[in-house]
Amino acid sequence: NAPLRHGAPPKYSGKLNANYALRRHACLTQNPGKVIMGVPFYGRFWLHTTPAPNPDFPLFRKAQRIGGQLGGDKTWRELKATWLQPGSGFALYWDDKTATPWAAQGGAGLLVTYDNEKSIGLKMDYALENNLGGIMIWAVDQDDDELSLLSVVARKVCGQSTGARSSSAAAVTYRCNPLGDEIRWWTYSENKEKEI
């Protein structure tokens, strides 16, 4: 749904994650304080998925269209009240590579990725550590009645010391391409084994 980091199997783009997009914009502008991370309070699901072809990447599967649809989306509120409940038939997982929670209902081949308290906390840490201007939530009303996700955001923001972002708030913490936006065949890019 919204992976924080690259963690796809070989031959997949290393650009389909928040880290790549945020790093790119911060490096191009040299002003991470003007870059905002979008954070979803919803999940996306895929219908009739096949088992993962690569056991090292169990989250990555193929889905078949049913009635013209590959899947859809559900709010965090809906997911927490239904599919993520014990006895729902869904097994809950965590993907360390992408920092993504996901769930699968084996018999039906239903797979859902979403953000939960842990992944939202990691995204907040990322925004603070990389001097981003903040986060944007889509959408606050999709949180549950206990405000589980919004509470994580509030705790992280309120726990941030006021002096920690003062003098270095505009500093770019990423390793940027020395050529800026110019890409050559020999230009380094995101290393799929470790971040650069």
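Residues numbered from 1 in each chain as written. Predicted model: local features only at pLDDT ≥ 70, side-chain atom pairs only at ≥ 80, totals over all residues. Heavy atoms only, no water.

**Some remarks on the overall build of the protein**
Right, on to step 1. A tally of helices and strands in the protein yields four helices and seven strands.
Right, on to step 2. When the helices and strands of the protein are placed in sequence order, the string is α-β-β-β-α-β-β-β-α-β-α.
Right, on to step 3. The buried share of the protein, reckoned over its 196 residues, is 38%.
Right, on to step 4. When contacts within the protein are restricted to residue pairs at least 6 apart in sequence, those whose partners lie at least 24 apart make up 66%.
Right, on to step 5. Here the protein has roughly 11,100 Å² of accessible surface; of this, 55% comes from carbon and sulfur atoms. (Helix = DSSP H or I, 4+ residues; strand = E, 2+ residues; numbered from the N terminus. Buried < 20%, exposed > 50% of the residue type's maximum accessible area, 1.4 Å probe, protein only. Contact = heavy atoms within 4.5 Å. Areas by Shrake-Rupley, 256 points an atom, 1.4 Å probe, with all protein chains shown as cover.)

**Points about the packing of aromatic side chains**
Right, on to step 1. Counted by the stated rule, this structure contains six aromatic pairs.
Right, on to step 2. Between tryptophan 83 and phenylalanine 90, the aromatic rings sit 5.0 Å apart at their centres with planes inclined by 20 degrees, giving stacked as the arrangement. Accessibility assignment for this pair places tryptophan 83 and phenylalanine 90 in one class, buried.
Right, on to step 3. A ring pair is formed by tyrosine 126 and tyrosine 174, whose centres lie 6.3 Å apart and whose planes are at 45 degrees; its orientation type is tilted. Of this pair, tyrosine 126 sits in helix α3 (residues 117-129) while tyrosine 174 sits in the segment after α4 (148-159), and the two are 48 residues apart along the sequence. The pair tyrosine 126 / tyrosine 174 is uniform in exposure class, with both members buried.
Right, on to step 4. One aromatic cluster is present, built from ring pairs that chain together Phe45, Trp83 and Phe90.
Right, on to step 5. Taking NZ or CZ as reference, lysine 97 lies 4.7 Å from the ring centre of phenylalanine 57, over its face.
Right, on to step 6. The ring of tryptophan 94 carries the charged tip of lysine 118 above its face, separated from the ring centre by 4.1 Å. (Phe/Tyr/Trp six-rings, centres within 6.5 Å; stacked < 30°, edge-to-face > 60°. Lys NZ or Arg CZ within 6 Å of the ring centre and 35° of its normal.)

**A word on the pattern of salt bridges**
Right, on to step 1. Summed over the entire model, instances satisfying the criterion amount to six salt bridges.
Right, on to step 2. Ionic pairing is found between aspartate 125 and lysine 156, a salt bridge with its closest N-O pair at 2.8 Å. Separated by 31 residues along the polypeptide, aspartate 125 in helix α3 and lysine 156 in helix α4 bring together distant segments of the chain.
Right, on to step 3. On the accessibility criterion, aspartate 125 (24% relative accessible area) is partly exposed.
Right, on to step 4. Several salt bridges converge on common partners, so that one network encompasses Lys80, Asp144 and Glu146. (Salt bridge = Lys/Arg side-chain N within 4 Å of Asp/Glu carboxyl O.)

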